[in-house]
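Fold and contact review
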Amino acid sequence: VHIFPATLAGTNSDGAHPKADLVLSGGMLYGTTSSGGATGHGTVFSLNTADSSFTNLYNFTNGVDGSTPVAERPSHPERRTDPGGERPWTNITKS
């Protein structure tokens, strides 16, 4: 459904390394990445389940908002892959 650009350290538009479970609300999946984004400190993103459109909603700055978000929630059918897919730690799949 979405492949995140690979980055070990640095910036990109989408974020990289989605490490938290996704939240489904109103036809949108919401999640976070632990790196990448405009500042390299992770992002909050949404993914439309109807058309697979991706939106970067927020870039963490490593300021008062923190950085590298990683959280776990109870399992959902929608999940990130780790490892596997085209590039480890970069894909969102649908069960």
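Before any of the text, the structure's been laid out above.
As the structure is a computational prediction, the values presented were derived from the model and not from experiment.

About the cut-offs
Residues numbered from 1 in each chain as written. Predicted model: local features only at pLDDT ≥ 70, side-chain atom pairs only at ≥ 80, totals over all residues. Heavy atoms only, no water. Buried < 20%, exposed > 50% of the residue type's maximum accessible area, 1.4 Å probe, protein only. Helix = DSSP H or I, 4+ residues; strand = E, 2+ residues; numbered from the N terminus. Pairing = 2+ DSSP bridges. Axes fitted to C-alpha atoms, helices over the stretch in contact; angles between N-to-C directions. Phe/Tyr/Trp six-rings, centres within 6.5 Å; stacked < 30°, edge-to-face > 60°.

Glancing now at the pairing of strand β4 (residues 43-48). Among the six residues of β4, five are classified as buried, and the element is accordingly described as predominantly covered. With five bridges connecting them, β4 and strand β5 (residues 54-59) associate as antiparallel partners. If you follow threonine 43 over to β5, its bridge partner there is asparagine 59. From the end of β4 to the start of β5, which pair antiparallel, there are five residues, and serine 52 there has a positive phi angle of about 65°.

This part is about the sheet that holds strand β3 (residues 28-33). Spatially, the four strands line up as an open sheet ordered β2-β3-β4-β5, and their pairing is antiparallel. The open sheet is flanked by β2 (23-25) and β5, the only strands paired with a single partner. Geometrically, the sheet is characterised by an average inter-axis angle of 25° between neighbouring strands, direction not taken into account.

As a further point, take the packing of aromatic side chains. Within this structure, the stated rule accounts for four aromatic pairs. Ring centres of phenylalanine 4 and phenylalanine 54 lie 5.6 Å apart, and the angle between their planes is 85°; this geometry places the pair in the edge-to-face category. Of the two residues, phenylalanine 4 sits in the loop between β1 (2-3) and β2 while phenylalanine 54 sits in strand β5, which places them 50 residues apart along the sequence. The residues phenylalanine 4 and phenylalanine 54 share a single accessibility class, namely buried. Grouping aromatic residues by their ring pairs yields a cluster made of Phe4, Phe45 and Phe54.

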